[in-house]
Amino acid sequence: MRRLLSPSALLVWSACVVLIIAPLFQQGLFTDGCLYRTVAFNFSENQSSFWYMKFTNINMPQFFEQPPLFFAMYGVWLKGFGLSFLSEKLFTLTLFVLFLVVLYKLSQLLFKPALPFFYVVLFLLLSVQVWCWTFANQVIETLVVPLSVLGVYVFILWQKKPKRLYSTLLAAFSFTFVSYTLFLTKGFQSVFIACLPLVALILFPNRKQNLLFCMVTYLSLAALLVYTLLIHSGGSYWFNTYMHKRLLASLNQVGATTQSHFDIIFRLFTELIGPILLVLVLSLFLTKKWQYPLSLQFKRLRKTQYAMLFLITALVGSLPFAITLEQRGFYLSPSFSFFIIGGVLAFKPQFVLGLKIIQKVDTTQIARYCSYVLVIAALVYWCCSPSFYRRDEGLYNDVNVLLPFLPQGDTLSIHALTWNDIALQSALYQKQKISLECDTTHRYYLHDKANNAPIPFGFVKVNAVTQQFELYYNTTLFLR
């Protein structure tokens, strides 16, 4: 308990609140988060099924952009706990807590003592900006992150225990199940942990047991994928559509977000700059204090099998994103856990030195009082968070003002420049099942003042005080 409430531990927990939990409870989401929330909402309302998801009646009425598991789990949660703001935030918070539990269990297998190194790994993860952003914006990677760490925990637990046939088969099938759920969450790229048995076969001495684990894992995973994607009617229909709309389109640079294949690699190193600098500082300090040459410190990396296992897994989980030009930083979030754990294992003497310094600081009164102030400030910030808007404050205010004028389930006309406003479509559909369409045939026309598009002929403005969006009614339809 003392270590759980030590000044350094309270600092880490305060950072969790400030960097992840409080932003999570603020208003406004990144585009992908709005899209995914509405797809899950439709599933909770029985407007869609597992293999046939939906966004709105007009925009992606059949949603095949991503595998269905995340939306199904999110939807079941909303169905059970309600469609409130608090309910949707608690879903992501639960995934984050699940990640922390599995990370601690994995730390118990890899580090002695476990708790201090658990805090080290968590602190370094919190220094990765896009990793924190991922949870705050409720994208699919919030499920991929805990699942991937859970799969690795299953594998490492098997590695650490006596290798019996029954335990090997149980671990292999459990690892396969987690890998399969990862595929159903974000597709092939999220199953990067499947490289673990093959890498372990090369690195670890118990070749016979690792070969059996490989065979069982890969054969059972292949069987599951073949059945799901080629035999099962719903799965095969989803996969054929997903493959053409998403996979092949991405390889043909549709939806490109950059012009260079190396941007995602550069982003990988910039996001990890904090942990890298900390390792360098501790390495230099170790060299100066105990005359421990840098060359010996880096040679230790090659001899640390588990460090190599995690770092190779992290590379498999990140570098393939350079294949296409559709590159976003949060795609890398699942791999950061393995970069950090592998780095801590590789440079363990440096972090042992760092922990000794921290333990000395923890004994001072000023550290204890400062940690209490930080915790109180973080909790106050969290309590105030629901009143803050990270983005789209005007949009949500305008939607609430205009909804009384609009019939349930209506379709609004919009200009083509407004079509990509996913947050707007998400808010209207979730609140009143209102869809948007790029024409002028409907009773109402929604105008975004930021686009400065001309108002279609025959439309008159509705008298409502708004910030960004104006509503117009079609006089030709109302006069009939």
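Residues numbered from 1 in each chain as written. Predicted model: local features only at pLDDT ≥ 70, side-chain atom pairs only at ≥ 80, totals over all residues. Heavy atoms only, no water.

Student: Help me get a handle on the packing of aromatic side chains, residues and values and all.
Tutor: Counted by the stated rule, this structure contains 45 aromatic pairs. Seen in terms of ring centroids, Phe-30 and Trp-133 are 5.0 Å apart; in terms of plane orientation they differ by 70°. Their pairing is edge-to-face. Of this pair, Phe-30 sits in the loop between helix H1 (7–24) and helix H2 (31–44) while Trp-133 sits in helix H6 (residues 129–136); the two residues are 103 residues apart in sequence, bridging distant segments of the chain. On the basis of relative accessible area, Trp-133 is assigned to the partly exposed category, the value being 23%. Clustering of aromatic rings is evident, with ring pairs tying together Tyr-36, Phe-63, Phe-70, Phe-71, Tyr-74, Trp-77, Phe-81 and Phe-91. The ring of Trp-158 is capped by Lys-163, whose NZ or CZ atom sits 5.2 Å from the centre of that ring. Above the ring of Phe-117, the side-chain terminus of Lys-348 is found at 5.4 Å from the ring centroid. (Phe/Tyr/Trp six-rings, centres within 6.5 Å; stacked < 30°, edge-to-face > 60°. Helix = DSSP H or I, 4+ residues; strand = E, 2+ residues; numbered from the N terminus. Buried < 20%, exposed > 50% of the residue type's maximum accessible area, 1.4 Å probe, protein only. Lys NZ or Arg CZ within 6 Å of the ring centre and 35° of its normal.)

Student: Quick one: what's the story with helix H5 (residues 114–126), residue by residue and with numbers?
Tutor: For H5, which comprises 13 residues, the first-to-last C-alpha distance of 18 Å matches the rise-based estimate of 18 Å (1.5 Å per residue) to within 8%. The buried fraction of H5 is high, at 12 of 13 residues. The complete set of buried residues in H5 reads Ala-114, Leu-115, Pro-116, Phe-117, Phe-118, Tyr-119, Val-120, Val-121, Leu-122, Leu-124, Leu-125 and Leu-126. (Expected span 1.5 Å × (residues − 1).)

Student: So, the sheet that holds strand S2 (residues 435–437): which residues are in play, and what are the values?
Tutor: Picture the strands of a sheet paired through backbone hydrogen bonds; they go either parallel or antiparallel. A sheet is described by the order of its strands in space; here five strands give the open sequence S2-S1-S3-S5-S4, paired in mixed fashion. Every interior strand has two partners, whereas the edge strands, S2 and strand S4 (459–461), have only one. In this sheet, neighbouring strand axes are inclined to one another by 40° on average, regardless of whether the strands run parallel or antiparallel. Sheet topology note: the S4/strand S5 (residues 469–474) ladder contains three bridges and is antiparallel. Residue pairing for S5: Val-460 is matched across the bridge by Tyr-473. (Pairing = 2+ DSSP bridges. Axes fitted to C-alpha atoms, helices over the stretch in contact; angles between N-to-C directions.)

Such coordinate-based values are descriptive only and should not be taken to indicate function.
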